[in-house]
Amino acid sequence: MSLESASQKEYKDPETVIVQDAENVYRPDVDTSAVDERKLMRRIDWHVVPWLAVLYLLNFLDRGNIGNAKLYHMTDDLHITDKQYLVALTVFFFPYSLFEPPSNLALRKLRPSMWLSFIMLVWGIAMTLHGVVTNYAGLVGLRVLLGLAEAGLYPGIVFYLSCWYKRNELGTRVGVFFSSATIAGAFSGLLAAAIHNMDGVGGKPGWAWIFILEGLVTVLCAIASFFILSDFPDTAKFLNETERVWVVRRLQADMKFSAGGEKFKMKYVWQSLADWKTWLAMGIYMGFDGPLFAFSLFTPTIINQLGFQATAANLLSVPVYAWACLMTVAIGFIGDRVKTRAWVNLGLFGSGLVGYIILICSTNPSLSYFAVYLAASSIYPTIPNSVAWVSSNVEGSYKRSAVLGMAIGWGNLNGAVTSNVYRSVDKPWYRLGHGIVLAYIAIGWICSLALYIHLRRENAAKERGERDEVIDGVDNKNAREENGHFESIEAARMEKGDHWSGFRYSL
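An account of the accompanying structure is given in this report. The structure displayed is predicted, hence computed values, not measured ones.

The rules behind these values
- Residue positions are given per chain, counted from 1 along the sequence in the order it is written.
- Since the coordinates come from a predicted model, pLDDT governs what is reported: local features require at least 70, and pairs of side-chain atoms require 80 or more to be given and counted, while whole-chain, interface and lining totals use all residues.
- With hydrogens and water stripped out, all remaining heavy atoms of the structure feed into the side-chain values.
- Every helix listed is a DSSP run of H or I at least four residues long, and every strand listed is a run of E at least two residues long, numbered separately from the N terminus.
- For every residue, the accessible area (1.4 Å probe, protein chains only) is compared with the maximum for its type, and the residue is labelled buried under 20%, exposed over 50%, or partly exposed between those bounds.
- Nitrogen and oxygen atoms within 3.5 Å of one another constitute a polar contact, given that in protein one can donate a hydrogen and the other can accept it, and given that sequence-neighbouring residues count only through two side-chain atoms.
- In this analysis, a patch consists of residues with relative accessible area above 30% that form no salt bridge, clustered at 9 Å for like charges and at 5 Å for the nonpolar side chains Val, Leu, Ile, Met, Phe, Trp and Tyr.
- Methods summary: accessible areas were calculated by the Shrake-Rupley approach with a probe of 1.4 Å, and residue burial reflects only the protein chains presented.
- Here, a salt bridge means any Lys or Arg side-chain nitrogen found within 4 Å of an Asp or Glu carboxyl oxygen.
- We define the nonpolar core as a collection of buried residues of types Ala, Val, Leu, Ile, Met, Phe, Trp, Tyr and Cys that are connected through side-chain atoms lying within 4.5 Å of one another.
- Whether two residues touch is decided by their heavy atoms; if any such pair falls within 4.5 Å, the residues are in contact.
- Given the number of residues in a helix, its expected span is that number minus one, multiplied by 1.5 Å.
- Only the contacting stretch of a helix is used when fitting its axis, a line to C-alpha atoms as for every element, and angles between N-to-C directions run 0 to 180 degrees.
- By definition in this entry, angles of less than 35 degrees are roughly parallel, angles greater than 145 are roughly antiparallel, angles of 65 to 115 are roughly perpendicular, and the rest are oblique.
- Should the near helix be turned anticlockwise from the far one by less than a right angle, the crossing is termed left-handed; should it be turned clockwise, right-handed.
- Amino acid classes used here: Ala, Val, Leu, Ile, Met, Phe, Trp, Tyr, Cys and Pro are nonpolar; Asp, Glu, Lys and Arg are charged; the rest, including Gly, are polar.
- Put simply, two rings from Phe, Tyr or Trp (the six-membered ring, in Trp's case) pair if the centres are within 6.5 Å, and we call them stacked under 30 degrees between planes, edge-to-face over 60, tilted for the rest.
- A ring is considered to have a charge above it if a Lys NZ or an Arg CZ atom is located within 6 Å of its centre and within 35 degrees of its normal.

1. Focus: the side chain of His434
Here is step 1 of the chain: One can find His434 in helix α20 (residues 431-463).
Here is step 2 of the chain: Residue classification places His434 among the buried positions, given a relative accessible area of 2%.
Here is step 3 of the chain: Looking at His434, its side chain comes within polar contact range of the main-chain oxygen of Trp429, at 3.2 Å.

2. Concerning a nonpolar patch on the surface
Here is step 1 of the chain: A surface patch of nonpolar side chains, about 610 Å² in accessible area, is lined by Met114, Phe118, Ile223, Phe226, Phe227 and Ile228.
Here is step 2 of the chain: Contributing elements (two or more residues each) for the nonpolar patch: α7 (112-130) and α11 (206-228).
Here is step 3 of the chain: Assignment of secondary structure puts Phe227 in helix α11.

3. Re the nonpolar core
Here is step 1 of the chain: Ranked by internal contacts, the top residues of the largest apolar core, which has 136 residues, are Ile44, Tyr154, Leu161, Trp164, Phe295, Tyr356 and Tyr380.
Here is step 2 of the chain: Examining the composition of this core, we find that 15 residues originate from one element, helix α2 (residues 37-71), more than from any other.
Here is step 3 of the chain: Apart from residues no more than four positions distant in its own chain, Ile44 is found in contact with Trp164, Tyr165, Phe238, Leu239 and Val247.

4. Focus on α20
Here is step 1 of the chain: The end-to-end C-alpha separation of α20 is 48 Å, in line with the 48 Å expected for 33 residues at 1.5 Å each.
Here is step 2 of the chain: Gly465 sits one or two residues past α20 and shows a positive phi near 85 degrees.

5. A short note on the packing of helix α16 (residues 341-361) against helix α17 (residues 365-391)
Here is step 1 of the chain: Where α16 contacts α17, the axes come no closer than 8 Å and their chain directions differ by 155 degrees. In this view, α16 runs roughly antiparallel relative to α17, as classed from their interaxial angle. Viewed along their axes, α16 and α17 form a crossing whose handedness is left-handed.
Here is step 2 of the chain: Split by residue class, the contact of α16 with α17 holds 18 nonpolar, 10 polar and one charged.

6. What about the packing of aromatic side chains?
Here is step 1 of the chain: Under the defined criterion, the tally for this structure stands at 24 aromatic pairs.
Here is step 2 of the chain: With a centroid separation of 5.9 Å and an interplanar angle of 80 degrees, the aromatic rings of Tyr321 and Tyr380 are classed as edge-to-face. Here Tyr321, found in helix α15 (residues 310-338), pairs with Tyr380, found in helix α17; they are 59 residues apart in sequence, far enough to count as distant.
Here is step 3 of the chain: These aromatic residues form a ring-pair network of at least three members: Tyr56, Phe60, Tyr154, Phe177, Phe295, Tyr321 and Tyr380.
Here is step 4 of the chain: The side chain of Lys70 reaches across the aromatic face of Tyr85, ending 5.3 Å from its centre.
Here is step 5 of the chain: Lying over the aromatic face of Trp276, Lys277 brings its terminal NZ or CZ to 5.4 Å of the ring centre.

7. With respect to unusual backbone geometry
Here is step 1 of the chain: The backbone of His73 sits at a positive phi, close to 70 degrees, despite the residue not being glycine.
Here is step 2 of the chain: Examined against the element boundaries, His73 turns out to sit in the loop between α2 and α3 (74-78).
Here is step 3 of the chain: One non-glycine residue, His79, adopts positive backbone phi at about 60 degrees.
Here is step 4 of the chain: Locating His79 in the fold gives a position in the loop between α3 and α4 (82-91).

8. A word on the packing of α2 against helix α8 (residues 136-150)
Here is step 1 of the chain: Running from amino to carboxyl end, α2 crosses α8 at an angle of 155 degrees, the nearest separation of the two axes being 12 Å. One element, α2, and the other, α8, form an angle in the roughly antiparallel class. In this structure, α2 meets α8 at a crossing whose hand is left-handed. Contacts between α2 and α8 involve Asn59, Asp62, Arg63 and Ile66 from the first element and Leu139, Arg143, Leu146 and Glu150 from the second.

Dropping the structure here:
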């Protein structure tokens, strides 16, 4: 029997949970025939996704509320210049980006309920202290601490979700979880406008109460997370043994062979560095993360400079984020159904290009406000679609955590650039800032196209047998020693992950 026929026999239907070769079944002693898939997946959704959405809402709210506070004279009260304010925004991104890859590895090594709750507690304390800071040095120090603590949440959640769901299910779940970022954008404007009414309470200005109250809520939720968050499928306490085995088998049938557990080896990190998909993924993440931070930090300011007062600008940002929320969930659902995430990405990045071209050319406030909607409907939905696309094409839990950490870290590092592009001297139209964001979106579009082309060519090469390994006891005329020599198909797929000849990339 050839390697090709063996692979086809075992993975004839990648959506099924049943694997024909009993020797390779995870925990073959456990009978999972009585499991109701629809009922169990609904229970998993309720245990996993909603609380993650709450955590990311707080993450995004705490990260961007400095933009709302600025409208209420924070910079005047702290006696800092526009340049110093931009520096305070910028220093957040260096620890935020650099700590993401090691944080993801720590998450895989430790329990998610422990690691994610811990970093959340730290950033909640840092956010609360923003409300008592009295000078520029204190603000910069707290922004560094906030970046360090917040770094692990987003890539950690993305990796965590990829350990629970199949490749054609991930987009919807990431879309639902990430929609909380758009809700945070809308909610932050409403919340800031409401909290500002506390101006003078306790001798503190309204902007200080924005930080204090939102930070205290984060601290309370961090404590609750120790008890609410579940861990990985093979150890989740809300599942019984039969259900845990069923979930692991289901993931392994979807080519996530490491779902049953994997020991850390440094080679997984080197594999991620040597994989061209990692570098294209970094370009894609750069294409939406740079614009994301610019959009979230400066949307109230941009609207304000179009002729609206501070509170009106905050309130006018609400429908923009509400629209982005609807688009994010819709695109996540569509991406899972059409199973061609590359074309979805190209379309979304394309609409972003149109939006920012309008912003650069327009001198009409109404037209510019419309273009802000176009930008929001491009930036936010692209993120869950890209996250699902990249993570579904990297096999091996540690390798996937490293790839996601590097891609997201590099994308977020570009926030250090885009947080400086909207300068006061460029108001009210901010054409320089819009032009730089436009360039970022173009990079995302190009890298999405390049990744699609490379994945398609690699799938074709595997179909032709050019990637077939030498397997002991298997007669395969296409097998080549340079592709590896293994004692069994199981050993080949566990060792090579997504480079295994039987693995097919999703386009």
